[in-house]
Amino acid sequence: MTKKTPKGNADVSAMWGGRFDGGPAAVMEEINASIGFDKRLFAQDIAGSKAHAAMLVRQGIISEEDGDAILGGLETILGEMEDGSFDFKTALEDIHMNVEARLAELVGEAAGRLHTGRSRNDQVATDLKLWVRDALDGLDAGLSHLQAALIDQAEAHAATVMPGFTHLQAAQPVTLGHHLLAYVEMFGRDRGRVADCRRRLNECPLGAAALAGTSFAIDREMTAEALGFERPSANSLDAVSDRDFALEFLSLGAILAVHLSRLAEEMVLWCTDGFGFVALSDAFTTGSSIMPQKRNPDAAELVRAKAGRVIGALNTLLVVMKGLPLAYGKDMQEDKEPVFDAADSLALSVAAVTGMVGDAVFDAGRMKEAAGRGYTTATDLADWLVRTLGMPFRQAHHATGRLVRLAEDRGCGLEDLTLDDMRSVETAITADVFAVLGVENSVKSRASQGGTAPDTVRRAVAEARRRFVE
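Residues numbered from 1 in each chain as written. Predicted model: local features only at pLDDT ≥ 70, side-chain atom pairs only at ≥ 80, totals over all residues. Heavy atoms only, no water.

Chemist: Can you tell me about helix 4 (residues 42–58), naming the residues and giving the values?
Modeler: Its 17 residues give helix 4 an end-to-end C-alpha distance of 24 Å, which sits within 8% of 24 Å, the value for a rise of 1.5 Å per residue. Every buried residue belonging to helix 4 is among Q44, D45, I46, G48, S49, A51, H52, A53, M55 and L56, and all of these are buried. Lining the buried residues of helix 4 we find helix 5 (64–83), helix 6 (95–107), helix 7 (120–156) and helix 9 (220–226). Downstream of helix 4 by a residue or two, G60 has a phi angle that is positive, lying close to 75°. (Helix = DSSP H or I, 4+ residues; strand = E, 2+ residues; numbered from the N terminus. Expected span 1.5 Å × (residues − 1). Buried < 20%, exposed > 50% of the residue type's maximum accessible area, 1.4 Å probe, protein only. Contact = heavy atoms within 4.5 Å.)

Chemist: Pulling in residues and values, what's your account of the environment of R58?
Modeler: Among the secondary structure elements, R58 is positioned in helix 4. R58 gets classed as exposed once you look at its relative accessible area, which sits at 55%. For the pair R58 and Y183, spaced 125 residues apart in sequence, the C-alpha separation works out to 51 Å. Beyond its immediate stretch of four places on either side in the chain, R58 contacts D219 and M222.

Chemist: Any details on the nonpolar core? Residues and values, ideally.
Modeler: Formed by 94 residues in total, the largest nonpolar core has its most connected members in V132, L139, L146, L150, F187 and F249. At 15 residues, helix 11 (residues 244–271) tops the list of elements feeding residues into this core. Residues contacting F187, with those up to four places away along its chain left out, are L143, L146, Q147, L150, L256, H259, L260 and L263. Core analysis: the next-biggest nonpolar cluster, separate from the first, contains 21 residues, L381, L403, C412 and I429 among them. (Core = buried A, V, L, I, M, F, W, Y, C linked by side-chain atoms within 4.5 Å.)

Structure (structure tokens):
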């Protein structure tokens, strides 16, 4: 009886070895292939292969002649991939097999020696670590530019008064510079998480092979150093099954995306007629197809939306990894698309927000006028009662509340009440109280470390520039 060959590409069985008589079914080929997305790892894959080949030669595991042929072939393949002439084949599943098959076309039998002492399991872990490391470096550089843009605007607006909000209601006057520096601190913490993630991922899986290491006398220290890792990973099982570095990248990315979204949301709000605090140029807004008067802050809205993609990517990989026993499972092929998508979204969002911040034109008059609404200097009045009259804060809070109600009844600001009005609530109040009322007096008084006083903000600007940019 003649055995039927399954429909599919029988050439793949040559890659898998003699265990398989025929190729996979078409649907298996489609679900199993990752070349559609993992071809983005080509530079990292070739770098890893070059380091591995050089190590095999030095250890005497392959000949120098074969090593030279392999390295020359890998350089040719890298050039083809960089100029777009490389023919990626879905039937070869992934970036590793596509490189190996092309290498065999170029150098013949020597290509088959490259895979000595390694597996696709340690190979892909190495590739993805290298890719994430590059993405982290790019993200850190982008965040530095964003911080610089915020710091420049904060310096220009160190004394620009605006309302500070709680519950999205005017609470106390602050300066715009102080407000923008809050985001500088947020993005500084994001950069700290980037550095932490980079430090923890910087152990090289190459040489762990499939899961148990290898019987060949390889030099893992050599390959780790060649690829810029601090050390080889300590345990072969962990090396091929670990995706903590990808989860940590997505985790820090999710937090960063939230910070970007919060700033984007404020840009959206501040552009509305109700606020009128900022104007964005044509570079970061769009019009309406039907309403000619519209200028929509679409860049900010899209940054706000992309946070959902990044958070979703983290959730995706957490769910993929949550039930996997040691060591490698094909499930882990699903690690790359969320990482790539999140990295793209983050890079684009950081660039967009940097552009918006640098491009923004703030309306100082509108902000100051808004800061004076809603009795935002009430806390300054209460503090004066405590500081000058020795009143317990709770008693001062109660007296100030009565004065706010009186001003509401009169339809005026606290600073517009007369001294007699004030004394009708608290007889000990003197004319000195008016020195702390008014939004500019309020912000000038907040000179404590980390406060909103203009001189304090200017010092904070200089310190932030030193910490994050210079």
